4 protein chains.
Amino acid sequence: MSEFKEPIFDLAQLAHVELLSPKPEESVEFFTRFLGMNITAREGQSVYLKAYEDTYQNTLKITESSDAGLGHVAWRAISPQALERRVEAVKATGLGKGWIEGDIGHGAAYQFTTPDGHPMELLFDVDYYQPKVEEKTRLLNRNVKRPDRGVPVRRLDHINLMTADTAKNTDFLIDTLGFRLREQIQDNGNVLGSWVSVSNLVHEIAFMQEPNRIPGKLHHLCYWYGIPQNLYDIADLLKDNDIFIEVPPNKHGISQAFCMYVHEPGGNRIELFGDAGYIITDPTWKPVIWEMKDTPGYGDTWIGTEFPESWWTQGTPVTVPAIVESK
Amino acid sequence: MSEFKEPIFDLAQLAHVELLSPKPEESVEFFTRFLGMNITAREGQSVYLKAYEDTYQNTLKITESSDAGLGHVAWRAISPQALERRVEAVKATGLGKGWIEGDIGHGAAYQFTTPDGHPMELLFDVDYYQPKVEEKTRLLNRNVKRPDRGVPVRRLDHINLMTADTAKNTDFLIDTLGFRLREQIQDNGNVLGSWVSVSNLVHEIAFMQEPNRIPGKLHHLCYWYGIPQNLYDIADLLKDNDIFIEVPPNKHGISQAFCMYVHEPGGNRIELFGDAGYIITDPTWKPVIWEMKDTPGYGDTWIGTEFPESWWTQGTPVTVPAIVESK
Amino acid sequence: MSEFKEPIFDLAQLAHVELLSPKPEESVEFFTRFLGMNITAREGQSVYLKAYEDTYQNTLKITESSDAGLGHVAWRAISPQALERRVEAVKATGLGKGWIEGDIGHGAAYQFTTPDGHPMELLFDVDYYQPKVEEKTRLLNRNVKRPDRGVPVRRLDHINLMTADTAKNTDFLIDTLGFRLREQIQDNGNVLGSWVSVSNLVHEIAFMQEPNRIPGKLHHLCYWYGIPQNLYDIADLLKDNDIFIEVPPNKHGISQAFCMYVHEPGGNRIELFGDAGYIITDPTWKPVIWEMKDTPGYGDTWIGTEFPESWWTQGTPVTVPAIVESK
Amino acid sequence: MSEFKEPIFDLAQLAHVELLSPKPEESVEFFTRFLGMNITAREGQSVYLKAYEDTYQNTLKITESSDAGLGHVAWRAISPQALERRVEAVKATGLGKGWIEGDIGHGAAYQFTTPDGHPMELLFDVDYYQPKVEEKTRLLNRNVKRPDRGVPVRRLDHINLMTADTAKNTDFLIDTLGFRLREQIQDNGNVLGSWVSVSNLVHEIAFMQEPNRIPGKLHHLCYWYGIPQNLYDIADLLKDNDIFIEVPPNKHGISQAFCMYVHEPGGNRIELFGDAGYIITDPTWKPVIWEMKDTPGYGDTWIGTEFPESWWTQGTPVTVPAIVESK
């Protein structure tokens, strides 16, 4: 029994995400007017926001940029010691970039990239959002009162990145950061998609193969409702306001989450989660492997219509300066 | 920073629960006909069952007994090493009882009790349920096809126990087993209820103060749907079949879960969960403290009607041989 | 067969309702900020509003008054001829008051009262709301875009009035106006509540016995969502903003509608409908008779908790100048 | 004003439908095991069924046949006199076929066809289903207890027929039977689809243009849940049992109903309604006209994915002996 390898529990959660937008004010309006998020800070070309049950100062930073895409992804460690352990592990891979002093909402953070080049950071020190008097609620496990705008999302859920090499990037998360593989799409042994997590969620992050092996793209960012009907309410509101709904509400096979996909005005794909899907508390969970040929109509959407081609192929930025050749 | 105490991650989950029932066949009919659970084994005076997304051989054992109440609660460790660590910790408290070879669905288990006397066990080796050919589903993260009976529950969620001393029993879970305190009801510093977990759930177990300080009672066992509307569907079906609904569907303040409470024919209170409530991935989560005076109408049910007196005071067995004096 | 009495089809629908409020601006804020209704006109001490799928210029008129209560109820006839027929029938009862030229949103209307004294009017000419350019929607059967405020109600549903003599007032609606009896609460032959309609709905109007036989009170006004989950969303928002929830979401036995009751800041009880209940298209429908002794826990709320005493006894205005003796 | 034409109120409802099935026992299993319907009679090659809130002896007759398709559609009049009036009107069109003595569940009925040849009948005398003792429920407006099988539908909703000439068949319903036009799809003045009703529903019957002008086909039959989430529950169950889901749950633009389409094992398309859509009580309702070019993605499914080609083109029987030439 002594050879059973114990898991690494050093990372706790997805802490925040930075999105790039060529239309920042319209992007901010999308998240505040329709998704009911609150602006908690503005600085330089960036706006900071949170959902009403997010407890930190912010979970989303929108930064003006010439193209849509990912700014960076931040992971919170379970302790200062755990942060130090993971920083050392990252340094050993050669992908580390160094410490920054912090940003609005958090202290010192260690910057690095995935093998694909997606900017990420590790941190432990965070600032909790302090509600104003009029925002305080008697529901003590809720950060601020439920907003009266749009159909308000409750918290940040996960990120999905496109990559030139899904297998390699998945391994990096598992080996270096302690993520666990939960579900995977394979095509005759080639890894086309991976859903991995550090928590009991099926994923805080997924990687999907970029069909032209262009690295570094964002596939989507997801906020969570936890209530399936809320997807129909927000879809009705968004449709009535000419926001593009790429995939209407449906149940994913992979993760079983009740999902929908829309495009925010800046061009980034946003997923909304209407229920919890399933959770994984089994410590000897065997990853679920979907063969690509069985995935459409089962793994993507369990009920009915397959995902459109665009979902499988497009991320942001839509165009990139150069195409990286794969081996 | 070096003094930051890192959490214990040795226990992974609530693995199964044994319920005692004076009307075992009626209890089994309740769980199979209405909650759509499947019988996976029968042995002696016991019937073993699982929900359709439970992956183990069973999560519920119903054993015939003169009185309703708790048989035992089983926790699964993350590894053989972690199991050994926790067994040692339990032994040190003097509450250990010793190893058993196993039961249907699992291997060696270490038995002990809470300070209150609730029978529990720790284990690592489990048997996964092997679906029959006709039960297999193309939804690969689901153990068997969705049942066509009743309104089928998806998985075991949590247990709630009444205790003669909530503070002491809570401390035992935290100090000896590595649970983390998530929410608590206090009355001028006296602990009346605790919600604790080893996972990202708000709780796998709660303790509530038994008003007469009678130890060892079961308050309720909970299975999970994840879909709020399902509570109305099962409530409609149960009401039409004369099953007592003690608390109709409502949103808990504590945990934010969408809940309802019914009494199974054997007399035990069963909770059904219609959504996920919130989850906790924050590694520095500060427990939410509810003052008892603020709890009714906010902490119990967030929306509207307070819980009935029976919910606060009654567990199973309803009567006990002797009342233990508290100090 | 020639003796089969054919029904009267002269009235089509509940057209609008006037509420009295001692706190008109707070009442208007309740309907606009939380229920997402739009203000379509203001005149004198009155504000006119509509829900986003109401097609007429308004369905609600809120008028400042020293006490909460009913202003008036307006019924639309199916044709000018039908209007004339019903006016003649009302005149024959001695309860007619005469024609008015109209109000914002409608033309000539004939005023009368129920035997209990509730002000009502009959009309045919109505003004349809003309959406502004920015309000227009591609959902052609929707009057304006779905609002982005609160949890927006879709249309006016029904009115419930308290009365000193339920049987007499019910008979007036049936005999004079052509309503059909759908469900009724009786206590040893005494009529305590009646649900009647001119359409396929179970009711556009209900009468309930005022326990002290005080005439003329309003029990509640109801707007409709058609989506059960929306009741939980609005309840969450209202609770977080200190609006009193008298009855949390539950399924009525009578009508089977998914309902909840709140008090708007002016003091009037407002019901919100989360689903359709059932509809009646059977032309030989036999009224459903509930015995009062069987009603609590079955007829009021089908699932679980009985209605509170206040629901059975209180209407607006809460106090009245004089008590009318009934025989 | 005297020229205002008053509507005809002679027909009350869709009473029942006969489906033809080449696999009658599998069709019956679909309706009983998955949709929770009850068998109320068997005779010859036919099985009679009802949903649990249908009050008549049956609303569905499944008859063995070489091909899938429509057996007949039955309409109930509001009175014996109204029945006589409509029979006379049908006779005047030359489409009448004559009286039959009755069938299981109803008395004398007058048979006729639409101009397209769809078999229909008019009737007044019906038998109400008499629940067995163990079926009786305390929910007095429900015919029998909620079934514990599948995800049970509540009542018959509507029928949709394909036709070689939508305009002509729509006019027949309006002029001869008193239906009212509610919504319509036009293509430069050509009528491609009509939704008409005798009640406050948007439709009890719709006609859609058969692209090859083949007359007499069935497009679909619809049963009603009234609860949006139920569509996801039944879709999950049906998918797990290999029933073809042609259109996953979505919100129709036309009628606003929350719908889904599946194919029963006999080959007929079955729609399931998850909410009420909107209702029409306005007596001067102006039909909503959708231009065909604007319909996909707005009129068919309001939220997201357009209907598949099959939905627009295929009915049952899939093949017919001869193709009728259109002018």
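Analysis parameters
- Residues numbered from 1 in each chain as written.
- Chains lettered and ligands numbered in written order.
- Predicted model: local features only at pLDDT ≥ 70, side-chain atom pairs only at ≥ 80, totals over all residues.
- Heavy atoms only, no water.
- UniProt positions renumbered as here; feature names shortened; annotations may be inferred.
- Least-squares fit on C-alpha atoms with pLDDT ≥ 70 in both.
- Contact = heavy atoms within 4.5 Å.
- Pairing = 2+ DSSP bridges.
- Helix = DSSP H or I, 4+ residues; strand = E, 2+ residues; numbered from the N terminus.
- Axes fitted to C-alpha atoms, helices over the stretch in contact; angles between N-to-C directions.
- Parallel < 35°, antiparallel > 145°, perpendicular 65-115°, else oblique.
- Nonpolar A, V, L, I, M, F, W, Y, C, P; charged D, E, K, R; others polar.
- Phe/Tyr/Trp six-rings, centres within 6.5 Å; stacked < 30°, edge-to-face > 60°.
- Buried < 20%, exposed > 50% of the residue type's maximum accessible area, 1.4 Å probe, protein only.
- Buried area = accessible area lost by both parts, 1.4 Å probe.
- Salt bridge = Lys/Arg side-chain N within 4 Å of Asp/Glu carboxyl O.

- Per an unreviewed UniProt entry, chain A goes by the name Metapyrocatechase and belongs to Oceanobacillus piezotolerans.
- Here chain A is described in UniProt, under the heading Catalytic activity (unreviewed entry), as follows: "catechol + O2 = (2Z,4E)-2-hydroxy-6-oxohexa-2,4-dienoate + H(+)".
- The record in UniProt for chain A states the following under Sequence similarities (unreviewed entry): "Belongs to the extradiol ring-cleavage dioxygenase family."

## What about the relation of the copies chain B and chain A?
Superposing the two chain copies requires a rotation about an axis and a translation along that axis.
And then number 1: Here chain B sits on chain A after a turn of 180° about the axis and a move of 0.0 Å along it, with an RMSD of 0.0 Å. Accordingly, the operation relating the two chain copies is best matched by a two-fold axis.
And then number 2: Here 100% of the contact residues of chain B are again contact residues in chain A; the copies associate through an equivalent surface.

## So, the sheet that holds strand β10 (residues 180-187) of chain A
Residue and element names in this part refer to chain A.
And then number 1: Read across the open sheet, the nine strands follow the order β14-β15-β16-β13-β9-β12-β11-β10-β17; overall the sheet is mixed. Edge positions in the open sheet fall to β14 (245-251) and β17 (288-291), since each of these has one partner strand only. Each neighbouring strand pair of the sheet contributes to a mean axis angle of 20°, computed without reference to strand direction.
And then number 2: Where strand β13 (residues 218-224) and strand β16 (residues 269-273) come together, four bridges link them in parallel fashion.

## Topic: the packing of helix α2 (residues 80-93) of chain A against helix α3 (residues 166-177) of chain A
Residues and elements named next belong to chain A.
And then number 1: Where α2 meets α3, the closest approach of the two axes is 9 Å, and the angle between their N-to-C directions is 135°. One finds that α2 runs oblique with respect to α3. For the pair formed by α2 and α3, the contact residues are Arg86, Ala89, Val90 and Thr93 on the first element and Phe172, Thr176 and Leu177 on the second.
And then number 2: Its residues assigned to classes, the contact of α2 with α3 comprises four nonpolar, two polar and one charged.

## With respect to the packing of aromatic side chains
And then number 1: Counting across every chain of the model gives 56 aromatic pairs over all chains.
And then number 2: Residues Tyr261 of chain A and Phe307 of chain A carry aromatic rings whose centres are separated by 5.8 Å and whose planes lie at 85° to one another, so their mutual orientation is edge-to-face. Placement of Tyr261 of chain A in strand β15 (residues 258-263) and of Phe307 of chain A in the loop between β17 and α5 (309-313) is noted, with a sequence separation of 46 residues between them.
And then number 3: Take Phe307 of chain A: its relative accessible area is 6%, and that puts it in the buried class.
And then number 4: With 5.2 Å between their ring centres and 80° between their planes, Phe124 of chain C and Phe4 of chain D make a pair best called edge-to-face. A residue pair is termed interchain when its members come from two chains, as with Phe124 of chain C in the loop between β8 (119-123) and β9 (155-163) and Phe4 of chain D in the segment before β1 (11-21).
And then number 5: Of the aromatic side chains, those joined through ring pairs into one cluster are Tyr232 and Phe258 of chain A together with Tyr232 and Phe258 of chain D.

## Concerning the interface of chain C and chain D
And then number 1: Listed per partner, the contact involves 59 residues of chain C and 59 residues of chain D.
And then number 2: For the pair chain C and chain D, the summed buried area comes to about 4,700 Å², and 57% of that belongs to carbon and sulfur atoms.
And then number 3: Inspection of the region where chain C meets chain D yields four salt bridges.
And then number 4: We note a salt bridge from Arg85 of chain D to Glu6 of chain C, for which the minimum N-O separation is 2.8 Å.
And then number 5: Contributions of two or more residues to the side of chain C that touches chain D are made by β1 (11-21), β5 (69-77), α2 (80-93) and β17 (288-291) of chain C.
And then number 6: Per element, the largest residue contribution to the side of chain C that touches chain D is four residues, and it comes from α2 of chain C.
And then number 7: Looking at the side of chain C that touches chain D, its residues break down into 29 nonpolar, 16 polar and 14 charged.

## Overview of the environment of Thr166 of chain B
Residue and element names in this part refer to chain B.
And then number 1: Here Thr166 is to be found in helix α3 (residues 166-177).
And then number 2: According to the relative accessible area criterion, Thr166 is buried, its value standing at 0%.
And then number 3: Along the chain, Thr166 and Gln314 lie 148 residues apart, while their C-alpha atoms are 15 Å from each other.
And then number 4: Not counting residues up to four positions away in its chain, the partners in contact with Thr166 are Val191, Leu192, Gly193, Ser194, Phe207, Met208 and Gln209.

## So, the UniProt feature "domain: VOC" (unreviewed entry) in chain A
Residue and element names in this part refer to chain A.
And then number 1: Following the UniProt record, one finds the feature "domain: VOC" (unreviewed entry) at residues 13-125 and 155-275.
And then number 2: The distance separating the terminal C-alpha atoms of residues 13-125 is 13 Å; by composition the span is 22% helix and 43% strand.
And then number 3: A helix fraction of 20% and a strand fraction of 45% characterise residues 155-275, whose end C-alpha atoms lie 12 Å from each other.

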